[in-house]
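A closer look at the structure
Residue strings, one per chain:
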Amino acid sequence: MVDIQVSIDEEQLRRINAVLYTAPEKARTVLHNSIKRGLEAGRTKADREVRQRYDITSGNLNANKNVRTRVQGLGDEVIGELEFSGQKIPLYKFHPSPKTRQYTSRYVNGYGGWRVTGPVSAADVKGRMQARPQGFIATFASGHTGIFKRTGGTTSGGKEKIEEYWGFSIKDMLDYDPAREAVMDRIDEITSKRIEQELYRILNGF
């Protein structure tokens, strides 16, 4: 899990308290709304940073990650958290080549039929296409398609055992200092702007 926390610095707090000295009960609302908007912007920025570095579509990324935003009061403070979690994403989601199954008519385990074969390449990081010489693409009855390799063993039914190749998780992709710094900078930027907007609304009676 990647956990990004944000709070308001002392200078901003002094400004909010100075502006709202006649209505101190509204300060917490300003903080809550501002941090919430900043976290939403950080969430969008995180997606962009990931897709800028990793060869994965927005749809495949969203289907394999969980994101939670939370703003809570702790004493006199208001703290915001942005949490990203999720399992490793199948390597097939990272721009495989080829995209469909390849076959050969070779006999397998003493009986005739089509054998799924490789090799397959995938680019998890953009511009880093890596070959999996033993990899092949297969689709199960469930509809799941992935890149697999044979383990050398057999199942109790006499079929070849296979295991799937996996790419990165959202935690792996955000465990990168430039990406995390970009997300934090975006959260701080939007939070600060939202504070000014919230104060303007209150002072003008909106």
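Per chain, residues are indexed from 1 in the order of the written sequence. Owing to the predicted nature of the model, reporting of local features is limited to residues with pLDDT of at least 70; listing and counting of side-chain atom pairs is limited to 80 or more, with chain, interface and lining totals taken over all residues. With hydrogens and water stripped out, all remaining heavy atoms of the structure feed into the side-chain values.

What about the environment of Thr 145?
Only DSSP runs of H or I covering at least 4 residues are called helices, and only runs of E covering at least 2 are called strands; the numbering of each starts at the N terminus. With respect to the secondary-structure elements, Thr 145 resides in strand β10 (residues 145-154). For the pair Thr 145 and Glu 164, spaced 19 residues apart in sequence, the C-alpha to C-alpha distance is 9.9 Å. If sequence neighbours within four positions are ignored, Thr 145 has contacts with Tyr 92, Ile 137, Ala 138, Thr 139 and Glu 164. There is a polar contact of 2.7 Å between the side chain of Thr 145 and the side chain of Thr 139. Residue contacts are counted whenever heavy atoms from the two residues lie within 4.5 Å of one another. Throughout this description, a polar contact denotes any pair of N or O atoms lying within 3.5 Å of each other; where both atoms belong to protein, one of them has to be capable of donating a hydrogen while the other can accept it, and for residues adjacent in sequence the pair is counted only when both atoms sit in side chains.

Section: the pairing of strand β11 (residues 160-164)
Where β10 lies against β11, four bridges are found, and the strand directions are antiparallel. Bridge pairing in β11 links Thr 154 to Glu 160. Hairpin remark: β10 followed by β11, antiparallel, with five residues in the connecting loop; positive phi at Gly 158, about 90 degrees. Pairing between two strands requires that DSSP report at least two bridges joining them.

Points about the pattern of salt bridges
Throughout this description, the term salt bridge denotes a Lys or Arg side-chain nitrogen within 4 Å of a carboxyl oxygen of Asp or Glu. Tallied over the entire structure, the rule returns 16 salt bridges. Notably, a salt bridge pairs Glu 160 with Arg 150, separated by 3.0 Å at the nearest N-O pair. Highlighted residues: Glu 160 in strand β11 and Arg 150 in strand β10, separated in sequence by 10 residues. Of the residues examined, Arg 150 reaches a relative accessible area of 23% and is grouped as partly exposed. For Arg 194, the salt bridge goes to Glu 198, with nearest N and O atoms at 3.2 Å. Within this pair, Arg 194 and its partner Glu 198 are both found in helix α5 (residues 177-203), separated by four residues, close to a single helical turn. The residues Arg 194 and Glu 198 share a single accessibility class, namely buried. Beyond isolated ion pairs, a larger network of salt bridges with shared partners links Arg 68, Arg 70, Glu 81 and Glu 83. Classification of residues uses two cut-offs on accessible area relative to the type maximum, computed with a 1.4 Å probe and protein chains only: under 20% is buried, over 50% is exposed, and between them is partly exposed.

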